[in-house]
Amino acid sequence: MNGLMAVDSVEVRVLVDNLTDNLSTVPSFVETEVAAIERRRRGMWIMGGKCLCCAAHGLACLVTIHQGGATRTILFDTGPEDRVLEQNVARLGVDLGRVEAIVLSHGHWDHCGAMLYALQLIRDRNGGNPVACYVHPDMFGKRALKRQDGSLRLMEDVASLEELASFGAATVNTREPQLLLEGSAYVSGEIERVTAFERGFPGQYRQSTDGSGWVSDELMMDERFLAVNVTGKGLVIFSACSHAGVINVLTHAKSSLPGVPLHAVVGGLHLVGQNERIIPATVEALASFDLATIAAGHCTGWRAMNALANAFGDSKIVPLSVGKRISF
């Protein structure tokens, strides 16, 4: 499928991320949390904690697409829980009523935990209209992580299709790639695994379909990415956790949307825990894509961020943090 239109620009506002950072300098195409709050309030006379966003383990991004005189808005994931999303949306002055579609990247609580509340916030502002919601059928299974002693630690379930519908979601539940908002954005299908070193999420299990036991679920085939094609730049890829491996993600994006250069990747690279061992191979392979921007955060990890900064320098690396706005 390749009917993805080229748009004038796209910006991402980070509503939830693991990190808060109001002190580091940023390039001209990035706005910090404090700058956003100051602009919203037309200046801050006093800085204090009641002004600021809250960092939390998770990711939620407001993706705003500009084409001609039209503006289209997508919520890419919702973060782990209601309170964080509500606080950050309020303090940044974000109008969620503009959201026309929600894309859930995969079935983990830190990306979907505030999904029902997000729907409520959106519909409170849009007149109660239903909201398109793009999901994968395998994201709703019960999951767990294996501990060192062999026992399993359960993960919180994500909201079911029935719950989503009861909160006003018009779900598009499929494994296939989708164009959304009249072709201004693209949601991938299942990501092909082609590298030898990217092996998914080590130690993850899922309950078998008949409920009789647990099976390995390291590949996480329900994970998908969002893509926008910016005129004169190319594809901006939003990959929330990159459990498939960011090299697999970018390779799949190139094959799915041929003829369009890759410009940037935004999101988590999941180079933590057992995946720290693949940091060198990942950094080496990333160089071949010649990305203009690597905006990494959430589950990337400080060791990987350090390796990326050493390899690519300040000109390409833009660490994510809550409240930032990045414009392409």
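Higher on the page you've got the structure.
Residues numbered from 1 in each chain as written. Predicted model: local features only at pLDDT ≥ 70, side-chain atom pairs only at ≥ 80, totals over all residues. Heavy atoms only, no water.

**Things to note about the overall build of the chain**
From N to C terminus, the chain includes 8 helices and 19 strands. Computed over C-alpha atoms, the radius of gyration of the chain comes to 19 Å, within 12% of the 20 Å expected from 2.2 N^0.38 for 328 residues, which places it in the range of a compact globule. Seen through its principal axes, the chain has C-alpha atoms that stretch 60 × 45 × 45 Å. For the chain, the proportion of contacts with a sequence separation of at least 24, taken over those separated by at least 6, is 76%. Within the structure as shown, the chain displays about 13,800 Å² of accessible surface, and the carbon and sulfur contribution to it stands at 51%. The averaged location of the 35 negative side-chain charges in the chain is 4 Å from the averaged location of its 29 positive side-chain charges. (Helix = DSSP H or I, 4+ residues; strand = E, 2+ residues; numbered from the N terminus. Rg over C-alpha atoms; globule rule 2.2 N^0.38 Å. Contact = heavy atoms within 4.5 Å. Areas by Shrake-Rupley, 256 points an atom, 1.4 Å probe, with all protein chains shown as cover. Lys, Arg positive; Asp, Glu negative; His and termini not counted. Charge placed at Lys NZ, Arg CZ, Asp CG, Glu CD.)

**Examining the packing of aromatic side chains**
Tallied over the entire structure, the rule returns 3 aromatic pairs. Between Y186 and F225, the ring centres sit 6.4 Å apart and the planes meet at 45 degrees, which makes this aromatic pair tilted. Highlighted residues: Y186 in strand β12 (residues 185-187) and F225 in the loop between β14 (214-216) and β15 (226-230), separated in sequence by 39 residues. The class for Y186 is buried, based on a relative accessible area of 2%. (Phe/Tyr/Trp six-rings, centres within 6.5 Å; stacked < 30°, edge-to-face > 60°. Buried < 20%, exposed > 50% of the residue type's maximum accessible area, 1.4 Å probe, protein only.)

**Describing the pattern of salt bridges**
One pass over the structure, following the stated rule, counts 15 salt bridges. R13 is the partner of E31 in a salt bridge, and the nearest nitrogen-oxygen pair spans 2.7 Å. Here E31 is found in strand β3 (residues 30-31), whereas its partner R13 is found in strand β2 (residues 9-16), with 18 residues between them in sequence. With respect to class, E31 is no different from R13; both count as buried. R143 is the partner of D222 in a salt bridge, and the nearest nitrogen-oxygen pair spans 2.5 Å. Linking D222 in the loop between β14 and β15 with R143 in strand β8 (residues 143-146), this pair joins segments that are 79 residues apart in sequence. The class of R143 is buried, set by a relative accessible area of 2%. A network of salt bridges, in which partner residues are shared, links E11, R13, E31 and R325. (Salt bridge = Lys/Arg side-chain N within 4 Å of Asp/Glu carboxyl O.)

**Examining the side chain of S184**
Tracing the backbone through its elements, the reader meets S184 in the loop between β11 (178-180) and β12. Polar side-chain contacts of S184 include one of 2.8 Å to the backbone oxygen of L181. Discounting chain neighbours no more than four positions away, the residues touching S184 are L4, M5, V7, I65, R72 and V228. (Polar contact = N/O pair within 3.5 Å; in protein donor to acceptor, adjacent residues only side chain to side chain.)

**Section: the nonpolar core**
Side chains of a nonpolar character, in soluble globular proteins, are inclined to be buried together. Ranked by size, the top nonpolar core spans 36 residues in total, and within it L15, L75, L85, L96, I102 and L104 carry the most contacts. Looking at this core, the element that brings in the most residues is helix α4 (residues 115-125), giving 6 residues. In this view, L75 contacts L15, C61, L62, V99, A101, I102, V103, A118 and I122; residues no more than four positions away in its chain are not counted. L4, L262, A285 and F312 belong to the second-largest nonpolar core, a separate cluster that totals 32 residues. (Core = buried A, V, L, I, M, F, W, Y, C linked by side-chain atoms within 4.5 Å.)

**Some points on helix α7 (residues 279-286)**
Along α7, the residues that are buried comprise I279, T282, V283, A285 and L286. Along α7, the residues classed as buried sweep out an arc of 165 degrees about the axis, all on the same side. Away from the buried face of α7 by more than 90 degrees, exposed residues P280 and E284 are located. Where α7 is buried, its residues contact α6 (246-256), β18 (293-297) and α8 (302-312). (Arc of directions from axis to C-beta.)

**So, the sheet that holds β8**
In a beta sheet, neighbouring strands pair by backbone hydrogen bonds and run either parallel or antiparallel. With antiparallel pairing, the 4 strands of this open sheet are ordered in space as β9-β8-β13-β14. At either end of the open sheet lies a strand with only one pairing partner, and these are β9 (152-154) and β14. Neighbour-to-neighbour, the strand axes of the sheet open up by a mean angle of 40 degrees, direction not taken into account. Note: β8 against β9, 3 bridges, orientation antiparallel. (Pairing = 2+ DSSP bridges. Axes fitted to C-alpha atoms, helices over the stretch in contact; angles between N-to-C directions.)

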